[in-house]
Amino acid sequence: MARLNPWRWVVLGLAALYFLVPLASSVIFTVDVPGQGVTFDAYAQIVSADGFVSSLLLSLELALATIAIVLLLMVPAMVALRLGAPRLRPVVEVICQLPLVVPPIAFVAGISTVLKWGPDYLSRTPLFETFVAIQNPSFPFVLVMAYVVMALPFVHRALDAGLRAIDVRTLVEAARSCGASWPQALLRTVLPNLRGALLNAAFLTLALVLGEFTVAQLLGFQPFAVWIYSVGGSQAQLSVAVSVLSLLVTWALLLALAGVGGRTRTASSRG
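Residues numbered from 1 in each chain as written. Predicted model: local features only at pLDDT ≥ 70, side-chain atom pairs only at ≥ 80, totals over all residues. Heavy atoms only, no water.

*Asks:* Quick rundown of the environment of Trp 9? Include the residues and the values.
*Replies:* Position of Trp 9 relative to the elements: it lies in helix α1 (residues 6–31). Trp 9 gets classed as exposed once you look at its relative accessible area, which sits at 54%. (Helix = DSSP H or I, 4+ residues; strand = E, 2+ residues; numbered from the N terminus. Buried < 20%, exposed > 50% of the residue type's maximum accessible area, 1.4 Å probe, protein only.)

*Asks:* Lay out the environment of Leu 187 in plain terms, naming residues and giving numbers.
*Replies:* Within the secondary structure layout, Leu 187 lies in helix α9 (residues 182–193). A sequence separation of 81 residues divides Leu 187 from Ala 106, and the C-alpha atoms of the two residues are 38 Å apart.

*Asks:* Quick rundown of the packing of helix α3 (residues 52–84) against α9? Include the residues and the values.
*Replies:* One can describe the packing of α3 onto α9 by two numbers: an axis separation of 12 Å at closest approach and a directional angle of 95 degrees. If you check the angle between α3 and α9, you find them roughly perpendicular. Within the contact between the two elements, α3 uses Val 75, Val 79 and Leu 83 and α9 uses Trp 182, Leu 186, Val 190 and Leu 191. By residue class, the composition of the contact of α3 with α9 is seven nonpolar, no polar and no charged. (Axes fitted to C-alpha atoms, helices over the stretch in contact; angles between N-to-C directions. Parallel < 35°, antiparallel > 145°, perpendicular 65-115°, else oblique. Contact = heavy atoms within 4.5 Å. Nonpolar A, V, L, I, M, F, W, Y, C, P; charged D, E, K, R; others polar.)

*Asks:* Quick one: what's the story with the packing of aromatic side chains, residue by residue and with numbers?
*Replies:* This structure, assessed with the given rule, holds five aromatic pairs. Feature note: the residues Phe 52, Phe 224 and Trp 227 constitute an aromatic cluster, connected by ring pairs. (Phe/Tyr/Trp six-rings, centres within 6.5 Å; stacked < 30°, edge-to-face > 60°.)

*Asks:* Could you give an account of the side chain of Thr 66, naming the residues involved and the relevant values?
*Replies:* Note that Thr 66 resides in helix α3. Judged by relative accessible area, which is 0%, Thr 66 ranks as buried. A polar side-chain atom of Thr 66 sits 2.6 Å from the main-chain carbonyl oxygen of Leu 62. Aside from chain neighbours lying at most four places away, what touches Thr 66 is Val 144, Tyr 147, Val 148, Thr 205 and Val 209. (Polar contact = N/O pair within 3.5 Å; in protein donor to acceptor, adjacent residues only side chain to side chain.)

*Asks:* I'd like a description of α9, backed by residues and values.
*Replies:* For α9, which comprises twelve residues, the first-to-last C-alpha distance of 16 Å matches the rise-based estimate of 16 Å (1.5 Å per residue) to within 8%. All buried positions along α9 are accounted for by Ala 185, Thr 189 and Val 190. For α9, the buried positions fall inside an angular range of 85 degrees around the axis, keeping them on one side. For α9, the exposed residues lying more than 90 degrees away from the buried face are Pro 183, Leu 187 and Arg 188. (Expected span 1.5 Å × (residues − 1). Arc of directions from axis to C-beta.)

*Asks:* Pulling in residues and values, what's your account of a nonpolar patch on the surface?
*Replies:* Together, Leu 88, Val 91, Val 94, Ile 95, Leu 98, Leu 100, Val 101, Val 102, Phe 154 and Leu 204 line one region of the surface with nonpolar side chains, adding up to about 880 Å² of accessible area. Of the residues forming the nonpolar patch, the biggest block, six residues, is contributed by helix α4 (residues 89–101). Within the secondary structure layout, Leu 100 lies in helix α4. (Patch = residues over 30% accessible without salt bridge, like charges linked within 9 Å, V, L, I, M, F, W, Y side chains within 5 Å. Areas by Shrake-Rupley, 256 points an atom, 1.4 Å probe, with all protein chains shown as cover. Salt bridge = Lys/Arg side-chain N within 4 Å of Asp/Glu carboxyl O.)

Dropping the structure here:
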């Protein structure tokens, strides 16, 4: 039997305390009301709270649009790099990691400058309507474009790890030799083998969109994270309860993702 390293348990214990103590404190704050004892009124008020459903639905819509666009951009590009231009992989990797270097404040300042520049110089052109449309509060597409850029580092890493685990060239050449076109080879041979990587990229993008605050707040929109902040000014317990609930939902999605990925690997190994 392998000898257990006590330092490993010490590190794991400290990590558990680091994450669980703030979570437990937040839960206690939401259920312990002075003078009333333990009550779950804060959680009962979440669904009926003003703006909860609309902000959550907006964030989910933004997340779905961001996931679709970033995957449509990155999957063909990453496959093309593996097949035809492997020397450009470092260049693409550096470009995709740039959003980690640029501070969100500077990023949103650049977006705001462009949006303010549009009406001044494009008011008499058809592009002015585009500037207005992408800032529609019911679905601000400008946030989708910003989130696509911010998600590039995570999607690139997830897809790169998935592509490294399979022989893309052999799969594509086999599909092409059987008469498949390039789109068919991508859809029927490459994508099924990238299911785990696609799920990872989608989950990371979803978590990014649900938790992003700076860009949406400074641009004047109110998705889920901004709504939590606005509620916290007047209803602290409700705000913390929503944060705890969103964290638990995120963990549940992560566990579901791990389960789907595990079943996918098991099915692949049996095949």
